Amino acid sequence: MREEYRFPRKFQIGFQEGTCPLRCNKCFAFSPKIGRVKKATKMSMENAKRLLDEIAELNNDSIIQPHMQTEPFANIDLKQIIRYCGEKNLTMSIITNGILLDREWLDFIISQSEQRITMSFSLDAVSQETYEKVRGNYQLELIEERINFLLKNRKNTSLRIGVNFVIEEANKKEKEVFLEKWKYLADVVRIGTLISHDKKTCKLEGLKEQRGWVLECDSLNEIMTIDSDGSVRVCPMDAFGDTNLGNVFEERIEAIWNGPKMEGLRNNIKLNRLSNKEFCFGCEAYKHEGNFIHRVENEFEIAENGYQIHYNHR
């Protein structure tokens, strides 16, 4: 058994899938361009607790992301899931569009006074006009007010607030303005490239040049993606269950993570020998120019490669 693969570092779990108030063109589950309909599905709380119990038993500081391709705050069980993760001392990473965060939700998040939670807001714009082009018909200003409310009123130093910007043609001119607007407010600003529905990506202008392609997939080396029925998917881009690497309600997590299906796929990617029938064939998300380069700049720890840049407040 290879030590680096022994346990996932992060679990992306579709406790509830198929529910989101937006229909972003870039989304792998809800884009009108896909031509497929994502059905609403839900994991029972009994199974959710059973799964979280097993993850907690791994005792390796794993991170729980309570969604795959959906809006997590659409799940009526999310408060219970957050509390249960707190009881199990599991760190949470929640990526949200922020639309469903009313005052009750904001107060609840703030009330989790000791739990380790990172909330990342997918904004992708600084102007209302651009927001409507890249995300949808909703007021960007209202989401920004909710972010600022959390930043101002949080009492938990373990509650980290981040904002995300995915570059595409419609918003690329706002990248620098977005960075300057948020890097002194949020705990982390993440800027990355758009991955298209055919799993193609492009290099970001101005980021660090590195030599050589690294054929490694974070979704197979560090992250386990689990659907609402317990099926393990290759990654969140498989929004419709086209892959199945095992089922966590039928096998132990460790057996799937280090099993022949996942190990075989890792090796095929590393050796660049995927067949054209495999879901990962042609995907550029796992092809990146080396690992992140880290540097310190004033009060920021910056990590970047040719496709992403993260600004973390120290």
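Residues numbered from 1 in each chain as written. Predicted model: local features only at pLDDT ≥ 70, side-chain atom pairs only at ≥ 80, totals over all residues. Heavy atoms only, no water.

Participant: Before we move on, could you go through the overall build of the protein chain and cite the residues and values that matter?
Facilitator: A count of helical and extended segments in the protein chain gives nine helices and 15 strands. Rg of the C-alpha trace for the protein chain: 19 Å, near the compact-globule value of 20 Å for 314 residues, within the 12% margin. Its C-alpha atoms put the protein chain at 45 × 45 × 40 Å along the principal axes. Burial statistics for the protein chain: of 314 residues in total, 54% are counted as buried. When contacts within the protein chain are restricted to residue pairs at least 6 apart in sequence, those whose partners lie at least 24 apart make up 71%. Of the roughly 15100 Å² that the protein chain leaves accessible, carbon and sulfur atoms contribute 46%. Positive and negative side-chain charges in the protein chain, numbering 46 and 48 respectively, have mean positions lying 1 Å apart. (Helix = DSSP H or I, 4+ residues; strand = E, 2+ residues; numbered from the N terminus. Rg over C-alpha atoms; globule rule 2.2 N^0.38 Å. Buried < 20%, exposed > 50% of the residue type's maximum accessible area, 1.4 Å probe, protein only. Contact = heavy atoms within 4.5 Å. Areas by Shrake-Rupley, 256 points an atom, 1.4 Å probe, with all protein chains shown as cover. Lys, Arg positive; Asp, Glu negative; His and termini not counted. Charge placed at Lys NZ, Arg CZ, Asp CG, Glu CD.)

Participant: Explain the sheet that holds strand β8 (residues 188-193) residue by residue, including any values.
Facilitator: With mixed pairing, 11 strands are arranged side by side in an open sheet as β11-β10-β1-β4-β5-β6-β7-β8-β15-β14-β13. Looking at strand neighbours, the two that pair on one side only are β11 (232-233) and β13 (293-297), the edges of this open sheet. Sheet topology places strand β4 (residues 63-65) next to strand β5 (residues 91-96); two bridges connect them, and they run parallel. In the sheet register, I64 faces β5, and the bridge partner there is M92. (Pairing = 2+ DSSP bridges.)

Participant: A description of the packing of aromatic side chains should follow, citing residues and the corresponding values.
Facilitator: Taken as a whole, this structure holds five aromatic pairs when the rule is applied. Taking 4.8 Å as the distance between ring centres and 45° as the angle between the ring planes, the aromatic pair formed by F165 and F178 counts as tilted. A residue pair is termed long-range when its members are at least 10 positions apart, and F165 in strand β7 (residues 159-167) and F178 in helix α6 (residues 175-182) qualify at 13 residues. When its relative accessible area of 0% is taken as the criterion, F178 is described as buried. Between F300 and Y311, the ring centres sit 5.9 Å apart and the planes meet at 80°, which makes this aromatic pair edge-to-face. Here F300 is found in strand β14 (residues 300-304), whereas its partner Y311 is found in strand β15 (residues 308-313), with 11 residues between them in sequence. F300 sits in the buried class, given a relative accessible area of 2%. Overall, the relative accessible area of 10% leaves Y311 in the buried class. Looking at K38, its charged tip hangs above the ring of F240, at a distance of 5.9 Å from the centre. The ring of W105 has K79 lying over it, and the distance from NZ or CZ to the ring centre is 5.1 Å. (Phe/Tyr/Trp six-rings, centres within 6.5 Å; stacked < 30°, edge-to-face > 60°. Lys NZ or Arg CZ within 6 Å of the ring centre and 35° of its normal.)

Participant: I'd like a rundown of the side chain of H310, residues and numbers included.
Facilitator: Note that H310 resides in strand β15. Among the polar contacts listed, one links the side chain of H310 to the side chain of Q308, at a separation of 3.3 Å. (Polar contact = N/O pair within 3.5 Å; in protein donor to acceptor, adjacent residues only side chain to side chain.)

Participant: Explain the state of the cysteines to me, and be specific about the residues and the numbers.
Facilitator: Overall, the coordinates contain zero disulfides when judged by the stated rule. No disulfide involves C280; its sulfur sits 6.2 Å from that of C217, the nearest cysteine. Residue C280 is classed as buried on the basis of its relative accessible area of 7%. (Disulfide = S-S within 2.5 Å.)

Participant: I'd love a proper account of the pattern of salt bridges, names of residues and values included.
Facilitator: This model, assessed by the stated rule, comprises 21 salt bridges. When the shortest N-O distance is used, the salt bridge between R36 and D242 registers 3.1 Å. With R36 in the loop between β2 (16-17) and β3 (41-42) and D242 in the loop between β11 and α8 (253-257), this residue pair connects regions lying 206 residues apart in the sequence. A residue is classified by how much of its surface remains accessible, and R36, at 41% relative accessible area, is partly exposed. Taking the relative accessible area as the measure of exposure, D242 reaches 47% and is therefore partly exposed. Shared partners join several salt bridges into a network, and the residues in it are K26, D124, R135 and E168. (Salt bridge = Lys/Arg side-chain N within 4 Å of Asp/Glu carboxyl O.)

Participant: Let's hear about helix α3 (residues 103-111): which residues, and what values?
Facilitator: Inspection of α3 places W105, L106, F108, I109 and I110 among the buried residues, and these make up the whole buried set. In this structure, the buried side of α3 is in contact with α2 (78-87), β6 (117-122), α5 (140-153) and β7.

Participant: Can you explain the packing of α3 against α5? Please cite residues and give values.
Facilitator: Relative orientation of the contacting elements α3 and α5 amounts to 30°, with a least axis distance of 10 Å. When the axes of α3 and α5 are compared, the pair comes out roughly parallel. When the axes of α3 and α5 are compared, the crossing they make is right-handed. Seen from α3, the contacting residues are R103, L106, D107, I109 and I110; seen from α5, they are R146, F149, L150 and N153. (Axes fitted to C-alpha atoms, helices over the stretch in contact; angles between N-to-C directions. Parallel < 35°, antiparallel > 145°, perpendicular 65-115°, else oblique. Left-handed = near helix turned anticlockwise from the far one by under 90°.)

Participant: Describe the nonpolar core, naming the residues involved and giving the relevant values.
Facilitator: Counting residues in each nonpolar core, the largest one holds 82 residues, and the members touching the most others are I13, L52, I64 and M119. Among the elements that take part in this core, helix α1 (residues 45-58) stands out by supplying six residues, more than any other. Apart from the residues within four sequence positions on either side, L52 is in contact with I13, F15, I64, I81, Y84, C85 and L90. (Core = buried A, V, L, I, M, F, W, Y, C linked by side-chain atoms within 4.5 Å.)

Participant: Requested: an account of the pairing of β14, with residues and values cited.
Facilitator: Counting buried residues along β14, four of its five residues qualify, which places the element largely inside the surrounding structure. Taking the residues between adjacent antiparallel strands as the criterion, β13 and β14 are bridged by two residues, where N298 takes a positive phi near 55°. Two elements, β14 and β15, share five bridges in a ladder whose sense is antiparallel. Directly across from E304, in β15, lies its bridge partner I309. Taking the residues between adjacent antiparallel strands as the criterion, β14 and β15 are bridged by three residues.

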